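# Summary of structural features
Here's the letter readout for the chains.
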Protein chains: 2
Amino acid sequence: MKILISNDDGIDSRGISALANEMKKLGEVIVIAPRTEQSAVGHAITMKIPLRITEYYKNGDFFGYAIDGTPADCIKIGIRNIMKEPPDIVISGINLGSNTAINIIYSGTVSAAREAAIMDVPSIAVSVTSHDPKHYEYAAKFTLELTKLIVKNKLKTGTLLNVNVPDLPEEEISGVMLTQQGKSKWDDIYEERKDPYGKKYYWLTGNLVQADSTLETDQHAVQQNYVSVTPIHFDLTDYETYDTMKSWQLEKLYKQKS
Amino acid sequence: MKILISNDDGIDSRGISALANEMKKLGEVIVIAPRTEQSAVGHAITMKIPLRITEYYKNGDFFGYAIDGTPADCIKIGIRNIMKEPPDIVISGINLGSNTAINIIYSGTVSAAREAAIMDVPSIAVSVTSHDPKHYEYAAKFTLELTKLIVKNKLKTGTLLNVNVPDLPEEEISGVMLTQQGKSKWDDIYEERKDPYGKKYYWLTGNLVQADSTLETDQHAVQQNYVSVTPIHFDLTDYETYDTMKSWQLEKLYKQKS
């Protein structure tokens with residue numbers, strides 16, 4: 001089994017090492033990840049400047065390939081130019097900080113896995129809930145077990161699994177929940193500051209406004225110390241509104257021929 | 001009526017001027033857009049460096065505010081710090097090049113409109129099919145008419161309309177289609193080149209593989225010279241797979257308590 005591992009925290013992240021060490025038990029691991037941190041880059045891809053591929057060594061050993069681009073770039077160039085053949089699965093993470101509710105939209109980690117789904121490769125995005133995690137072990141172990149389940153049950157083409165794991169030792173985990181993307185969103189605040197030359201600048205901060213209260217939502221499940229597994233896809237069509245809008249009679253907007 | 005206009009091609013783009021001039025007929029227009037081109041940045045937001053807001057003048061007149069960030073940044077900081085109050089509608093565009101099928105995922109233009117939807121503001125992303133458009137007029141005019149329809153019919157909170165307009169004079173447009181996101185995807189190619197020092201670098205190119213053949217898909221509709229209007233949202237949950245996965249018995253992955 002060929003396993004491609006990437007992330008958005010950069011190839012030197014402890015999260016990627018923890019994942020690579022665990023996933024080795026299941027097959028051949030190849031690490032292709034951004035050279036530097038790429039948090040919150042969403043599904044950005046690099047088109048206006050060229051990419052470079054650099055062999056990356058850790059403690060003197062070959063560890064993988066560093067790409068000076070985004071997480072989605074890593075999956076694209078990794079599969080097209082480094083691997084040549086698609087892997088059996090792509091795993092993105094372990095991300096520092098949860099990717100639940102609205103954060104899925106901004107996440108580079110999820111976007112790497114989503115790019116794999118676009119390329120018809122099954123994939124998992126995995127995050128731990130803390131920005132300074134103490135417990136990568138269970139997240140890595142869980143991802144390995146989930147990978148076995150994907151192999152067994154087959155995941156629909158175009159779908160990826162977004163996994164969030166509480167930053168806790170295994171015995172304190174409440175269990176595992178199959179979830180939907182929550183509705184919690186950020187109340188953004190831009191802090192106004194002045195630079196040493198008196199010019200204003202703005203720094204994004206804010207608070208996540210909790211709007212989820214059932215274990216069927218990713219955000220609430222992890223807060224209750226459950227591992228959350230959410231199937232997501234890249235069909236953004238709002239089918240409910242599509243049906244509603246049939247009554248809008250859009251065709252009448254084109255006066256010429258109506 | 002207060003109308004916030006943004007884009008991903010940058011505040012100096014002809015597309016944004018065409019849109020601003022047309023939308024003035026309907027209300028007060030405020031332009032808040034990236035200082036430089038931000039194509040394919042997806043839903044990236046700027047968190048690790050601060051943002052700056054600069055007043056932008058065009059032909060000596062005040063035109064709007066340039067932000068040294070992404071399209072999603074412009075909507076966030078524009079509404080929070082410049083406007084203070086949400087506008088009645090956000091319009092992102094007119095983008096150079098269509099944002100249909102898989103391109104919706106990568107698009108900065110669509111992400112600006114999607115950020116508005118996240119902030120509960122109705123929004124439209126509008127693109128013309130050419131990268132060197134000859135005909136912005138109909139796209140601008142259509143957006144104005146569609147805005148009136150949104151005001152009349154109300155758009156569900158969290159939904160935005162993704163509009164693609166053929167680069168044609170009005171009389172050559174076939175009509176208007178209500179569509180779904182198509183399934184056409186890129187066959188990516190990374191061109192390998194060498195820099196003047198003999199080091200390899202890679203440049204993303206590729207071909208869009210056509211997988212859409214009905215007028216109910218955005219990609220095929222614009223190819224048949226129709227204006228395409230697709231309702232999209234930011235709930236990425238794959239509900240079909242969610243139902244299927246109930247039989248996976250994920251809870252058994254947590255051995256401790258089962």
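All values derive from a computational prediction rather than experimental measurement.

Calculation criteria
Residues numbered from 1 in each chain as written. Chains lettered and ligands numbered in written order. Predicted model: local features only at pLDDT ≥ 70, side-chain atom pairs only at ≥ 80, totals over all residues. Helix = DSSP H or I, 4+ residues; strand = E, 2+ residues; numbered from the N terminus. Buried ≥ 20, exposed ≤ 12 C-beta atoms within 10 Å, placed from the backbone. Contact = placed C-beta atoms within 7 Å. Pairing = 2+ DSSP bridges. Axes fitted to C-alpha atoms, helices over the stretch in contact; angles between N-to-C directions. Right-handed = clockwise from strand over helix to strand, strands pointing away. Nonpolar A, V, L, I, M, F, W, Y, C, P; charged D, E, K, R; others polar. Least-squares fit on C-alpha atoms with pLDDT ≥ 70 in both. Expected span 1.5 Å × (residues − 1). pLDDT = per-residue confidence, 0-100. Parallel < 35°, antiparallel > 145°, perpendicular 65-115°, else oblique. Left-handed = near helix turned anticlockwise from the far one by under 90°.

### As for the overall build of chain A
Secondary structure assignment for chain A yields 7 helices and 11 strands. Projecting the C-alpha coordinates of chain A onto the three principal axes gives extents of approximately 70 × 60 × 45 Å. Across the 258 residues in chain A, those meeting the buried criterion constitute 53%. The contacts of chain A with a sequence gap of at least 6 include a subset with a gap of at least 24, amounting to 74%.

### Observations regarding the sheet that holds strand β4 (residues 61-67) of chain A
All names here are of chain A. The strand order β3-β4-β2-β1-β5-β6-β7-β11-β8 describes an open sheet built from 9 strands, whose pairing is mixed. With partners counted over all chains shown, the strands left at the sheet margins are β3 (53-58) and β8 (175-178), one partner each. Direction aside, the axes of adjacent strands within the sheet are offset by 25° on average. Bridge count for β3 against β4 is 6 bridges, and the pairing is antiparallel. Residue pairing in the sheet places Tyr56 in a bridge with Gly64 of β4. Most of the contacts of helix α4 (residues 108-118) go to strand β6 (residues 123-128), to which it runs at about 170°, and overall it touches β1 (2-6), β5 (89-96), β6 and β7 (159-165).

### Some details on the pairing of β1 of chain A
Residues and elements named next belong to chain A. Most of β1 sits out of view: 4 of its 5 residues are buried. A crossover links β1 with its parallel partner strand β2 (residues 28-34), the connecting element being helix α1 (residues 14-23), and its sense is right-handed. Bridge count between β1 and β5: 4 bridges; the pairing is parallel. Counted as the bridge partner of Leu4 is Val90 from β5.

### Quick word on the interface of chain A and chain B
With 67 residues of chain A at the interface, the matching set in chain B holds 67 residues. Across the side of chain A that touches chain B, the residue classes break down as 37 nonpolar, 16 polar and 14 charged.

### With respect to the relation of the copies chain A and chain B
Here the two chain copies are tied together by a rotation about an axis and a shift along that axis. Least-squares fitting of chain A to chain B yields an RMSD of 0.0 Å, with the transformation described by 0.0 Å of translation along the axis and a rotation of 180°. On this basis, the relationship between the two copies can be described by a two-fold rotation axis. Here 100% of the interface residues in chain A have copies in chain B that are interface residues too; the copies meet face to matching face.

### As for helix α5 (residues 137-153) of chain A
All names here are of chain A. Here α5 spans 24 Å end to end across 17 residues, near enough to the 24 Å set by a 1.5 Å rise per residue. Three or more residues of α5 are buried, namely Tyr138, Ala139, Ala140, Phe142, Thr143, Leu146 and Thr147. Against the buried residues of α5 lie α1, β5, β6, β7 and β11 (226-233). Downstream of α5 by one or two residues, Lys154 has phi in the positive range, about 60°.

### As for the pairing of β7 of chain A
All names here are of chain A. Of all 7 residues making up β7, 7 are buried, and the element is well covered by its neighbours. Where burial is concerned, the two faces of β7 agree: the one with Thr159, Leu161, Val163 and Val165 and the one with Leu160, Asn162 and Asn164 are both buried. Here β6 runs beside β7; their pairing, made up of 6 bridges, is parallel. By the bridge assignment, Ser123 is partnered in β7 with Leu160. As a crossover connection, the stretch from β6 through α5 into β7 is left-handed.

### Brief notes about unusual backbone geometry
Following Gly93 of chain A, the chain continues to Ile94 of chain A via a peptide bond in cis, the omega torsion being -5°. You can see Ile94 of chain A is positioned in strand β5. Phi is positive for Asp120 of chain A, close to 65°, though the residue is something other than glycine. Although it is not a glycine, Lys84 of chain B sits at a positive phi angle of roughly 70°. In this fold, Lys84 of chain B is placed in the loop between α2 (71-83) and β5 (89-96).

### Focus on the confidence of the model for chain A
On average, residues of chain A carry a pLDDT of 96, and 99% of them reach 70 or more. As scored by the predictor, the complex reaches a pTM of 0.95 and an ipTM of 0.95.

### Re the packing of helix α1 (residues 14-23) of chain B against helix α5 (residues 137-153) of chain B
Residue and element names in this part refer to chain B. In contact at an axis separation of 9 Å, α1 and α5 are set at 45° when each is read in the N-to-C sense. Between α1 and α5, the interaxial angle falls into the category oblique. The interaxial crossing formed by α1 with α5 has right-handed handedness. Across the interface between the two elements, Ala18, Leu19, Glu22 and Met23 of α1 pack against Ala140, Lys141, Thr143 and Leu144 of α5. Partitioned by chemical class, the residues of the contact of α1 with α5 number 5 nonpolar, 1 polar and 2 charged.

### Here we look at the sheet that holds strand β6 (residues 123-128) of chain B
Residue and element names in this part refer to chain B. Read across the sheet, 9 strands follow the order β3-β4-β2-β1-β5-β6-β7-β11-β8 without closing on themselves; strand pairing throughout is mixed. This sheet does not close on itself; its edge strands, each paired only once, are β3 (53-58) and β8 (175-178). Here the average twist between neighbouring strands, direction ignored, is 25°. Two strands pair when backbone bridges link them, and β8 and strand β11 (residues 226-233) are joined in this way by 4 bridges, in the parallel orientation. Along β11, the bridge assignment pairs Val176 with Val227. Strand contacts of α1: β1 (2-6), β2 (28-34) and β5, with the helix running at about 140° to β5, the strand carrying the most contacts.

### Focus on the packing of α2 of chain B against helix α4 (residues 108-118) of chain B
All names here are of chain B. The interhelical angle for the contact between α2 and α4, taken along N-to-C directions, is 25°, at an axis separation of 7 Å. Overall, the two elements α2 and α4 adopt an arrangement that is roughly parallel. Considering the relative orientation of α2 and α4, their crossing is right-handed. Counting all contacts with α2, which are made through Pro71, Ala72, Cys74, Ile75 and Lys76, the residues of α4 involved are Gly108, Thr109, Ser111, Ala112, Glu115 and Ala116.

### Observations concerning the environment of Glu22 of chain A
Residues and elements named next belong to chain A. Positionally, Glu22 belongs in helix α1. Along the backbone, Glu22 and Leu144 are 122 residues apart, and their C-alpha atoms lie at a distance of 7.1 Å. Beyond its immediate chain neighbours, meaning those up to four positions away, Glu22 contacts Ala140, Lys141, Thr143 and Leu144.

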